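Structural overview for review
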Amino acid sequence: MWIDTHCHLDAPEFDADRDAVVARARAAGVDMLVLPAVAVSNFDTVRELAHRHLLSYALGIHPLCVDEANEADLDTLAAALKAHAGDPRLVAVGEIGLDHFVPGLDREKQERFYWAQLKLARAAGLPVLLHVRRSADAVLKGLRRF
Ligand SMILES: [Zn+2]
């Protein structure tokens, strides 16, 4: 069984043919897709999509979305992980990580959000889906710590 562990199926690029994308994946032998969230604003969307298509999802705040996120979003994530703890389709915390490739991002805030989300994942007993761009050492440091 093939699993696509990282598919942003909720992205608007798929609005025209989302069902067909899932059907083509299954026809190609990819029986499971994990739909990661990127911000609190798409938590409900990925959960609903995963349930509609019998797929899996992850909840988290993407490093490229951290600049626009606020601290309360971490509380929202914690609450969502708790609220859906019994949902077998919730399989990870993600997409989280560090992006040191895109210039101008607040690296300190990224790291704070990354570490906070690692803590939440550990508390929830869930694995993490990682975004790692020019940041492998710092990402591994976080993993070792938590
Ligand atoms: Zn991604």
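Here the structure is a predicted model, which is why all the values come from computation and not from measurement.

**Some details on the overall build of the protein chain**
A tally of regular secondary structure across the protein chain gives 5 helices and 5 strands. Taking 15 Å as the expected radius of gyration for a compact globule of 146 residues, we find that the protein chain reaches 15 Å, a close match to that expectation. If one aligns the C-alpha atoms of the protein chain with their principal axes, the spans along those axes are about 40 × 35 × 25 Å. Buried positions account for 45% of the 146 residues belonging to the protein chain. In the protein chain, the share of contacts with a sequence separation of at least 24, taken over all contacts with a separation of at least 6, comes to 70%. Accessible surface for the protein chain amounts to roughly 7800 Å². Of this, 55% is attributable to carbon and sulfur atoms. Charge-centre separation for the protein chain: the mean point of 17 positive side chains lies 6 Å from the mean point of 21 negative side chains.

**Some thoughts on the coordination of the zinc ion**
Within the protein, the zinc ion binds to His-6 (NE2), His-8 (NE2), Glu-95 (OE) and Glu-95 (OE); these donor distances fall in the range 2.0 to 2.8 Å. For the zinc ion, the 4 donor atoms in the first shell make angles of 51 to 139 degrees at the metal, so the coordination geometry reads as irregular. Site description for the zinc ion: donor spacing in sequence, H-x1-H-x86-E. Within this pair, whereas His-6 is found in the loop between strand S1 (2–4) and helix H1 (18–27), its partner Glu-95 is found in strand S4 (residues 90–99), the two being separated by 89 residues in sequence. On the basis of relative accessibility, which here comes to 35%, the residue His-6 falls in the partly exposed class. Glu-95 gets classed as buried once you look at its relative accessible area, which sits at 3%.

**Some words on helix H4 (residues 107–124)**
Three- or four-residue spacings in an α-helix give side chains the same orientation, since the helix completes a turn every 3.6 residues. The end-to-end C-alpha separation of H4 is 25 Å, in line with the 26 Å expected for 18 residues at 1.5 Å each. Every buried residue of H4 is listed here: Lys-109, Gln-110, Phe-113, Tyr-114, Trp-115, Gln-117, Leu-118 and Ala-121. Taken together, the buried residues of H4 touch helix H3 (71–83), S4, strand S5 (128–133) and helix H5 (136–145). One or two steps after H4, the chain reaches Gly-125, where phi turns positive at roughly 70 degrees.

**Thoughts on the sheet that holds strand S2 (residues 30–36)**
On the basis of which strands lie adjacent, the open sheet formed by 5 strands has the order S1-S2-S3-S4-S5 and parallel pairing. Each edge of the sheet is formed by a strand with only one pairing partner; in this case those strands are S1 and S5. Pairs of neighbouring strands in the sheet enclose a mean axial angle of 25 degrees, with direction left out of account. Relative to S2, S1 runs parallel, the two sharing 3 bridges. Among the inter-strand pairings, Asp-4 is bridged to a residue of S2, identified as Leu-33. The strands touched by helix H2 (residues 43–52) are S2 and strand S3 (56–59); relative to S3, the strand with the most contacts, the crossing angle is about 165 degrees.

**Some words on the packing of H3 against H4**
Two quantities define a packed helix pair, namely the angle between the axes and the distance from one axis to the other. Two numbers describe how H3 lies on H4: the axes approach to 11 Å, and their chain directions differ by 20 degrees. Comparing their axes, H4 and H3 come out roughly parallel. The crossing of H3 and H4 is right-handed. The residues of H4 that touch H3, namely those facing Glu-71, Leu-74, Leu-77, Ala-78 and Leu-81, are Arg-112, Phe-113, Ala-116, Gln-117 and Leu-120.

**Describing unusual backbone geometry**
With the exception of glycine, the majority of residues adopt a negative phi angle, and the majority of peptide bonds are in the trans configuration. Here the amide bond leading from Gly-94 into Glu-95 is cis, since omega sits at 10 degrees, within 30 degrees of zero. Phi at Arg-134 is positive, roughly 55 degrees, even though this residue is not glycine. The residue Arg-134 is located in the loop between S5 and H5 in this model.

Cut-offs applied
Residues numbered from 1 in each chain as written. Predicted model: local features only at pLDDT ≥ 70, side-chain atom pairs only at ≥ 80, totals over all residues. Heavy atoms only, no water. Helix = DSSP H or I, 4+ residues; strand = E, 2+ residues; numbered from the N terminus. Rg over C-alpha atoms; globule rule 2.2 N^0.38 Å. Buried < 20%, exposed > 50% of the residue type's maximum accessible area, 1.4 Å probe, protein only. Contact = heavy atoms within 4.5 Å. Areas by Shrake-Rupley, 256 points an atom, 1.4 Å probe, with all protein chains shown as cover. Lys, Arg positive; Asp, Glu negative; His and termini not counted. Charge placed at Lys NZ, Arg CZ, Asp CG, Glu CD. Donors = N, O, S within 2.8 Å, 3.2 Å for Na, K, Ca; no water. Tetrahedral: all angles 85-135°; square planar, octahedral: opposite > 155°, others 65-115°. Expected span 1.5 Å × (residues − 1). Pairing = 2+ DSSP bridges. Axes fitted to C-alpha atoms, helices over the stretch in contact; angles between N-to-C directions. Parallel < 35°, antiparallel > 145°, perpendicular 65-115°, else oblique. Left-handed = near helix turned anticlockwise from the far one by under 90°.

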